[in-house]
Amino acid sequence: MLVVRILLTIFARGTSVSDIVISALFMAGIWRIFEKSGIKGWWALIPGAREYQLACCAGRESEGPVYSLASASSIALQVLSLLLSFNSTDVSTIEIMIAIGSMALALVSFIYSVRVYSGLIDVYGVRKRWLWLWVLPYTSFIPALLWGFGKKFQPAWKVEDIRTEMARLATHGSASVMSEGLTVNLTERSATEFFKKKVLLRDIHMAIPQGHMVLLLGGSGAGKTTYLNAINGYEKAKAEVLLNGTDLYKHYKKMQYEVGFVPQSEMMRGKDTVLNTLMDAARLRLPKEVSSEQRKARVNEVMEIFGLLPVKNNLVEKLSGGQKKRLSISMEFISNPSLFILDEPDSGLDGVMARELFEQLRKIADAGKIVIVITHTPDRVIDLFDDVIVLAKDSARTGRLAYYGSIEEARRFFGRDKMEQIVKSVNRKEEGGDGLADEFVMKYAKEVA
Amino acid sequence: MSEAHAKSQRQMMIRHRGRGAQVLIYLGKMLRMFIYQNDWKVLPMAALIAGLVGMVIRNRMFLNMEGTIMGAFAMVCVCIWNGCFNSIQVICRERDVIKREHRSGMHISSYIVSHMLYQALLCLAQTVVTLYVTQLVGVQYPWEGLVTPVFALDFMISMFLITYASDMMSLWVSALAKNTTAAMTIMPFVLIFQLVFSGGMLTLPAWTETLTHFTISNPGLKVIAAQADTNSRPYASIASMVSKMRDSEIGGAFTVGQVLDVLQADDNPAVAELRAKELGNAMTLAELKTVLESSQSFDALIKEPLLDGFTLEDALNAMEAAGLLEKYGDMQVGGTVTIGEAVDFLAGSPEMQAQRDQEISVHTTVGKVLDMAGEERVKAFLEEKAAAVSYNPDYDCTEKNITSYWLQLFMFVIAFALLSMITLEFIDKDKR
């Protein structure tokens, strides 16, 4: 009855047959475009879902949720408005509100449609002027039909069938638990975005002995930071992470002081002094039983190790890039953690300063700690590392372990001398890499099996 | 058992600082920020705003009803503005830092409670500054309080709670926003919502009235208006409006019949009240004689023959000669008559019936009418009536009202603080 009522109202409101024909032609064209991109055509019939799938075809998946929601909400508001006006000719306050909401949503829809159709134009490799036909009212059915049914219009790539790829690239394994060191058995780290589960990391197993300084390599989007967040327990994955035999996930509240995580950017209050920043860090991280004198002594010791004593009364914002990095590391080092993780500590530092910093990290590792470092310029300091972890994004767009082992063995495994060449080998072709991620992931899985 | 494993086991036994101790760490940090991060600037800013607003309301607030409501609204705006801008950026500007510290063992509850304490101090200081400055520029505050012995203390509690509740609301917005740009984009909408839906200044459509329950400005406006005893103040603008209309011309044409019909409409309460009024008092015989003699038409009237050439003058002379007028000079003649009776009498007379269709034209000014009726009396009457019409039970200056508004504002404080806490607990879900 509701459908009949809506249809009656649509016709009563003057919706012409030509409008319906144009919509039908548009949907037919989009159906074929979806099929060309490897998506089920019937998505074209569902408003909202259609826009999301279109964004996926255009390689603009990130724009999809907003475009989809705006379109679906806009339609919902129109239907609501029709229902409200069915028995009445008066314009009520609610109808005015709906009209304002519809206008706002129409604007959002339009902006996102421009973004998505621009992406689709890139995927089909046609001229930008096609955009006019896509976004102007009553003309979008023309490119939809031409692209959908025309043989000369073909997408540059298809939306992969992730499930098939994931099944093809499945690996299994586990690392044996070490009583001294870090054992990681990560099965999966996923995130849900717009009702869609995305697997960010999969099948990563390793055991890092104490006293090792480990380099973490991988192209952008390979999941390096996600992996570090998963192993320090802050963003939990489907995994078992044991530090010196103790489960980090189960005892996170107690064990979090055993892990020092130095983020990529400084993340400190610029208007506080170096001394106060470290004193507060000490109060937060050191055990309750530590006396005030012991705390001050520890702060002084750390400042001396990292060369911060001359600037202890300076405001953080007045420090140089190198000093800020050292202060950031000091804040974590103050609690003398067993596992020390650093996300690009050398960003913004020149070669000499970066070398000095990594030498300090080597000393920390030599003191029996595990140090894991992400850096994008590994070759200048590679002699300081014991091991390397290589993460790569496979064809299912999931972060995978392409290698973990010694530096020398890594060179043999990848057949490349430089670490930067290794990263290039596993990067996707469209990112300027060699596109060998799947190959190395499977090779490594076979070697450790 | 290895040394590292033993250390891990020891780590499990170690206790770190709990929530209470962390509150003190962060409170200390915030007090340092007050000095180094220029948070102190909110105090001179509050003084400046209070000075500007005070100059506008000083001759109105606590003097008349509409001035007091306007002043109360202005004070609420000052409080909301101060509160909002105290904390709108405090969380979002250091979101990354919070995330890092949370990872290092910071409790979100400790962080929010330390903000609550710090912001309470800031709001208190702003309230004192605002009260002092407004008093300095000439706002005449009463002396006696209702809940506490001193009015200033009562008023300070109200202003503090409005400022603090707004501050906590902004703290929540700051916890929701991912960066300062987003927070500053949301802020105007929040302010407009608070001011439009205060429910005191603008007449809202019925369906939006529920929204007033979600605004701090609503109990804020009520508590200040109640403390200022708004309902007991005269409604002065109507009198000034009447004065301004003195030179306005009024007039028109109407028939005698229309006037009589209006004056006979008993079902109209105003007419009924008028009709019931007594028209003059009874007179003595001597007074009647004096009135008659002072009338210009009396000379002609007494010459008119009454009976067989016997005139009224003859009759009066005969009565005076007989000493009757002297003897009965103090005698009451006639009774009181109401306006209604007089009107009915006139309407019933055939002469008046004959005149029903006669047009009467009136051209005068409001000033002349006021002079006839007594300007001060008219103004007092209008002020009294307008105040009665504008009476709002929400503005009654009672202890029950005021404490209930304080409680509502306090509930806002707690609710927004809790919302901030819950929102910030999801900081680990932030996209990098």
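Criteria and cut-off values
- Residues numbered from 1 in each chain as written.
- Chains lettered and ligands numbered in written order.
- Predicted model: local features only at pLDDT ≥ 70, side-chain atom pairs only at ≥ 80, totals over all residues.
- Helix = DSSP H or I, 4+ residues; strand = E, 2+ residues; numbered from the N terminus.
- Buried ≥ 20, exposed ≤ 12 C-beta atoms within 10 Å, placed from the backbone.
- Contact = placed C-beta atoms within 7 Å.
- Rg over C-alpha atoms; globule rule 2.2 N^0.38 Å.
- Nonpolar A, V, L, I, M, F, W, Y, C, P; charged D, E, K, R; others polar.
- Core = buried A, V, L, I, M, F, W, Y, C linked by C-beta atoms within 7 Å.
- Pairing = 2+ DSSP bridges.
- Axes fitted to C-alpha atoms, helices over the stretch in contact; angles between N-to-C directions.
- Expected span 1.5 Å × (residues − 1).
- Arc of directions from axis to C-beta.
- Domains from an automatic or database assignment.
- Parallel < 35°, antiparallel > 145°, perpendicular 65-115°, else oblique.
- Left-handed = near helix turned anticlockwise from the far one by under 90°.
- pLDDT = per-residue confidence, 0-100.

## Side note on the overall build of chain B
No. 1: The number of helices and strands found in chain B is 21 helices and 8 strands.
No. 2: Within chain B, buried positions represent 30% of all 432 residues.
No. 3: Here the analysis covers contacts within chain B between residues at least 6 apart in sequence; of these, 81% occur between residues at least 24 apart.

## Re the overall build of chain A
No. 1: Scanning chain A for helices and strands turns up 17 helices and 10 strands.
No. 2: A compact globule built from 449 residues should have a C-alpha radius of gyration of about 22 Å, whereas chain A, at 28 Å, is more than 25% larger.
No. 3: Along the longest, intermediate and shortest principal axes, the C-alpha atoms of chain A span 85 × 55 × 40 Å.
No. 4: Here chain A, with 449 residues, has 40% of them falling under the buried criterion.
No. 5: By sequence separation, contacts in chain A at least 24 residues apart represent 67% of the contacts at least 6 residues apart.

## Considerations on the interface of chain B and chain A
No. 1: Of the residues lining the interface, 31 residues belong to chain B; the matching set on chain A comes to 34 residues.
No. 2: When contributions to the side of chain B that touches chain A are tallied by element, the ones reaching two or more residues are α1 (3–13), α2 (19–36) and α5 (95–103) of chain B.
No. 3: Tallied by class, the residues present in the side of chain B that touches chain A amount to 10 nonpolar, 9 polar and 12 charged.

## Points about the nonpolar core
Side chains of nonpolar character tend, in soluble globular proteins, to be buried together.
No. 1: Residues A:A402 and B:A165 are the most contacted members of the largest nonpolar core, which totals 159 residues.
No. 2: Among the elements that take part in this core, helix α7 (residues 151–176) of chain B stands out by supplying 14 residues, more than any other.
No. 3: Other than its neighbours up to four places away in sequence, B:A165 contacts B:G83, B:I216, B:L409, B:F412, B:V413 and B:F416.
No. 4: Counting 25 residues, the second-largest nonpolar core is a separate cluster that includes A:I33, A:C57, A:Y117 and A:F141.

## Re the sheet that holds strand β9 (residues 387–393) of chain A
All names here are of chain A.
No. 1: The 10 strands are arranged β5-β4-β1-β2-β10-β9-β3-β8-β7-β6 in an open sheet whose pairing can be described as mixed. The strands lining the two open edges of the sheet, one partner per strand, are β5 (246–247) and β6 (259–262).
No. 2: Sheet strands touched by helix α9 (residues 224–231): β1 (181–193), β2 (196–209), β3 (213–218), β4 (238–243), β7 (339–343), β8 (370–374), β9 and β10 (399–406). Its angle to β2, the strand with the most contacts, is close to 65°.

## Some remarks on helix α3 (residues 42–57) of chain B
Residue and element names in this part refer to chain B.
No. 1: Helix length check: α3 (16 residues) gives 22 Å between terminal C-alpha atoms against 22 Å at 1.5 Å per residue, within 8%.
No. 2: Residues of α3 that are buried: V42, A46, I49, A50, V53, G54 and I57. The arc that holds every buried residue of α3, seen down its axis, measures 135°, which confines them to one face. Within α3, the exposed residues directed more than 90 degrees away from the buried face are P44 and L48.
No. 3: Elements in contact with the buried residues of α3: α4 (65–87) and α6 (108–136).

## Things to note about the domain arrangement of chain B
No. 1: Taken domain by domain, chain B comprises domain 1 (16–229 + 397–429) and domain 2 (240–386).
No. 2: The straight-line distance from the C-alpha centre of domain 1 of chain B to that of domain 2 of chain B is 63 Å.

## Considerations on the pairing of β1(A)
All names here are of chain A.
No. 1: Judged from the 12 bridges that link them, β1 and β2 form a sheet pairing that is antiparallel. Paired with T183 across the strands is A207, a residue of β2.
No. 2: Adjacent in sequence and paired antiparallel, β1 and β2 are bridged by 2 residues, among which F194 carries a positive phi angle near 55°.
No. 3: The sheet contact formed by β1 and β4 spans 6 bridges and is antiparallel. Paired with L186 across the bridge in β4 is A239.

## Examining the domain arrangement of chain A
No. 1: Taken as a whole, chain A is organised into domain 1 (2–158) and domain 2 (164–448).
No. 2: Computed from C-alpha coordinates alone, the two centres of domain 1 of chain A and domain 2 of chain A are separated by 45 Å.

## Focus: unusual backbone geometry
No. 1: Positive phi, close to 55°, is recorded for A:N336, a residue that is not glycine.
No. 2: Here A:N336 is to be found in the loop between α13 (321–333) and β7.
No. 3: Accessibility expressed as a C-beta count within 10 Å gives 18 for A:N336, which makes it partly exposed.
No. 4: Its identity as a non-glycine residue notwithstanding, B:F62 has a phi of 65°, on the positive side.
No. 5: With respect to the helices and strands, B:F62 occurs in the loop between α3 and α4.

## Quick word on the pairing of β3(A)
Residue and element names in this part refer to chain A.
No. 1: Burial analysis of β3 places 6 of its 6 residues in the buried class, the great majority of the element.
No. 2: Note: β3 against β8, 4 bridges, orientation parallel. Paired with V214 across the two strands is I372, which belongs to β8.
No. 3: Where β3 lies against β9, 5 bridges are found, and the strand directions are parallel. Paired with G218 across the bridge in β9 is L391.

## What about the environment of A:A191?
Residues and elements named next belong to chain A.
No. 1: Looking at the element boundaries, A191 is found in strand β1.
No. 2: Note on A191: 13 C-beta atoms within 10 Å, which makes it partly exposed.
No. 3: Sequence spacing of A191 and I100 is 91 residues, and the spatial spacing of their C-alpha atoms is 35 Å.
No. 4: Apart from residues lying up to four places away in sequence, A191 is in contact with K198 and L200.

## Remarks on the environment of A:Q264
All names here are of chain A.
No. 1: Inspection of the secondary structure puts Q264 in the loop between β6 and α11 (274–285).
No. 2: Between the C-alpha atoms of Q264 and Q323, which are 59 residues apart in sequence, the distance is 14 Å.
No. 3: The residues touching Q264, leaving out its near neighbours within four places in the chain, are D343, E344 and S347.

## As for the packing of helix α2 (residues 17–36) of chain A against helix α3 (residues 49–57) of chain A
Residue and element names in this part refer to chain A.
No. 1: Between α2 and α3, the least distance of the axes is 10 Å, while the angle of their chain directions is 45°. What the angle tells us is that α2 and α3 run oblique. As α2 runs across α3, the sense of the crossing is left-handed. When α2 is examined against α3, the residues I30, I33 and F34 are found in contact with a partner set consisting of R50, Q53, L54 and C57.
No. 2: Along the lines of polarity and charge, the residues of the contact of α2 with α3 split into 5 nonpolar, 1 polar and 1 charged.

## Considerations on the packing of helix α12 (residues 269–276) of chain B against helix α17 (residues 339–348) of chain B
Residue and element names in this part refer to chain B.
No. 1: Where α12 meets α17, the closest approach of the two axes is 5 Å, and the angle between their N-to-C directions is 95°. Classified by the angle their axes make, α12 and α17 are roughly perpendicular. Contact residues: α12 offers L274, R275 and A276, while α17 offers I339, G340 and V343.
No. 2: Tallied by class, residues from the contact of α12 with α17 come to 4 nonpolar, 1 polar and 1 charged.

## Some details on the confidence of the model for chain B
No. 1: Of all residues in chain B, 89% have pLDDT values of 70 or greater, and the mean over the chain is 85.
No. 2: Interface confidence for the predicted complex, expressed as ipTM, amounts to 0.76; the pTM equals 0.75.

## A word on the environment of B:R60
All names here are of chain B.
No. 1: Take R60: it is sitting in the loop between α3 and α4.
No. 2: Residue class for R60 comes out partly exposed when judged on the 19 C-beta atoms lying within 10 Å of it.
No. 3: When the C-alpha positions of R60 and M70 are compared, they lie 8.1 Å apart, and in sequence the two are 10 residues distant.
No. 4: Beyond its immediate stretch of four places on either side in the chain, R60 contacts G67, M70 and G71.

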